[in-house]
Amino acid sequence: MKVSLFVTCLVDVFYPEVGKSVVDILEESGVDVDFPMSQTCCGQPAFNSGYQKQSRETAKQLIRSFAGSEYVVAPSGSCVSMIKHYYPKLFEDDPSWRREAEALAKKTFELTDFLVNVLKMTDLGTALQDSATYHHSCHMNRELGVKEEPLQLLSLVEGLKLEELSYCQDCCGFGGTFAVKMNEISTAMADEKIKQIESTGANLVVGADMGCLMHLSGRMRRTGKSMRVMHIAEVLAKGGKS
């Protein structure tokens, strides 16, 4: 099986260790991984801000980049949701590009969804002695419906104690450009989410979207919180083989 990594902007620019962890996980699972160098942003920031013409051009570039891929996997429910739910809509008036968009949407998966539902793997043989709570990001939870898969994977990490997060369905307040345009509301939402995270008593916050984790970790630093934040790919890859 061959998989192309869609690394996403935040991982590529700020958190390359997450992308490396994804590659490690997939290769340990017996998958051949490649990285199309022509890939770029999925276009979601422009799309969410109302710039549909510009997001269409970005989408075309991504579609071309992964045209020859068997599967496309990304460590982000947000970016995958953009491809699966909004790429076909972007090209409703262009049958040729719509077919290409639908083809990409069909073969694109968020990492935990791919591991559990395509590769049929839940126990990756990793171990991490720690306590953690899991943050459900909005796009994964509501648009992709990927809810249990991350928990299944984390529950089988040897030594990792999972603490239940109250109001786990609530948004962290990031929302991409929302955090910039509505920064006061965004900050208040982050503070409420952090309050719930702290109440679990866990040492570690795990999530599957770096936008959420960047937002929460930034707010934690600014308010003197000591809790660590990790992408689920880092936990599954760097926890260490048991």
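Scroll up to find the structure.
Model, not experiment: these values are computed from the prediction.

(A) View of the overall build of the protein. Check the secondary structure of the protein and you find 13 helices and eight strands. For a compact globule of 242 residues, the expected C-alpha radius of gyration is about 18 Å, and the protein comes in at 18 Å, within 12% of that figure. By principal-axis analysis of the C-alpha atoms, the protein measures approximately 50 × 45 × 25 Å. Looking at the 242 residues of the protein, the share that counts as buried comes to 50%. For the protein, long-range pairs separated by at least 24 residues make up 78% of all intrachain contacts whose partners lie at least 6 apart in sequence. Summing over all exposed atoms, the protein offers an accessible surface of approximately 11,400 Å²; the carbon and sulfur share of this is 50%. Here the protein contributes 26 positive and 31 negative side-chain charges, whose respective centroids are spaced 5 Å apart.

(B) Representation of unusual backbone geometry. Unusually for a residue other than glycine, Thr8 sits at a positive phi of about 75°. Counting through the fold element by element, Thr8 comes out in the loop between strand E1 (2-5) and helix H1 (9-13). If you check the backbone angles, Tyr167 has positive phi at about 50° while not being a glycine. Relative to the elements of secondary structure, Tyr167 occurs in the loop between strand E6 (158-163) and helix H10 (178-181). Under the relative-accessibility criterion, Tyr167 is labelled exposed at 52%.

(C) Looking closely at the pairing of E1. Inspection of the sheet shows E1 paired to strand E2 (residues 32-34) by three bridges, in the parallel sense. Looking at E2, one finds that Val3 is bridged to Val33. Bridge analysis of E1 against strand E3 (residues 71-74) gives three bridges, and the strand direction is parallel. Its bridge partner being in E3, Leu5 is matched across the sheet by Val73.

(D) How the structure looks around the packing of helix H2 (residues 16-28) against helix H7 (residues 111-118). Two elements in contact, H2 and H7, have axes separated by 12 Å at closest approach and are oriented at 10°. Taken as axis vectors, H2 and H7 run roughly parallel relative to one another. In contact with Val22, Ile25 and Leu26 of H2, H7 contributes Leu111, Phe114 and Leu115. Considering only residue class, the contact of H2 with H7 consists of six nonpolar, no polar and no charged.

(E) Region of the structure containing a negative patch on the surface. Residues Asp24, Glu27, Glu28, Asp32 and Asp34 make up a contiguous surface patch of negative charge. Where the negative patch is concerned, the elements lending two or more residues are H2 and E2. At three residues, H2 tops the list of elements feeding residues into the negative patch. Here Asp34 is to be found in strand E2. Of the residues examined, Asp34 reaches a relative accessible area of 40% and is grouped as partly exposed.

(F) View of the side chain of Glu110. As for its placement among the helices and strands, Glu110 is situated in strand E4 (residues 108-110). One buried charged residue, Glu110, remains without a salt bridge, the closest side chain of opposite sign being Lys84 at 10 Å. Here Thr112 takes part through its side chain, which lies 2.6 Å from a polar atom of the side chain of Glu110.

(G) Region of interest: the sheet that holds E6. Taken in spatial order, the four strands make up an open sheet running E6-E5-E7-E8, and their pairing is parallel. Either end of the sheet is taken by a strand with one partner, and the two such strands are E6 and strand E8 (228-231). Averaged over all pairs of adjacent strands, the angle between their axes in this sheet comes to 35°, without regard to strand direction. As paired elements, strand E7 (residues 204-207) and E8 share four bridges and run parallel to each other. If you follow Val206 over to E8, its bridge partner there is Met230. Where helix H9 (residues 148-155) meets the sheet, it contacts strand E5 (127-134), E6 and E7, and its direction lies at approximately 140° from that of E6.

(H) Focus on the nonpolar core. In terms of nonpolar packing, the biggest core is built from 58 residues, with Phe6, Tyr87 and Leu115 touching the most fellow members. The element contributing the most residues to this core is helix H5 (residues 77-90), with six residues. The contact partners of Phe6, leaving out residues within four places of it in the chain, are Gln39, Thr40, Cys42, Leu62, Phe66, Val72, Val73, Ala74, Pro75, Cys79 and Ile83. Counting residues in each nonpolar core, the second largest holds eleven residues, with Cys172, Phe174, Ala179 and Met227 among its members.

Here is what the cut-offs are and how they apply
- Residues numbered from 1 in each chain as written.
- Predicted model: local features only at pLDDT ≥ 70, side-chain atom pairs only at ≥ 80, totals over all residues.
- Heavy atoms only, no water.
- Helix = DSSP H or I, 4+ residues; strand = E, 2+ residues; numbered from the N terminus.
- Rg over C-alpha atoms; globule rule 2.2 N^0.38 Å.
- Buried < 20%, exposed > 50% of the residue type's maximum accessible area, 1.4 Å probe, protein only.
- Contact = heavy atoms within 4.5 Å.
- Areas by Shrake-Rupley, 256 points an atom, 1.4 Å probe, with all protein chains shown as cover.
- Lys, Arg positive; Asp, Glu negative; His and termini not counted.
- Charge placed at Lys NZ, Arg CZ, Asp CG, Glu CD.
- Pairing = 2+ DSSP bridges.
- Axes fitted to C-alpha atoms, helices over the stretch in contact; angles between N-to-C directions.
- Parallel < 35°, antiparallel > 145°, perpendicular 65-115°, else oblique.
- Nonpolar A, V, L, I, M, F, W, Y, C, P; charged D, E, K, R; others polar.
- Patch = residues over 30% accessible without salt bridge, like charges linked within 9 Å, V, L, I, M, F, W, Y side chains within 5 Å.
- Salt bridge = Lys/Arg side-chain N within 4 Å of Asp/Glu carboxyl O.
- Polar contact = N/O pair within 3.5 Å; in protein donor to acceptor, adjacent residues only side chain to side chain.
- Core = buried A, V, L, I, M, F, W, Y, C linked by side-chain atoms within 4.5 Å.

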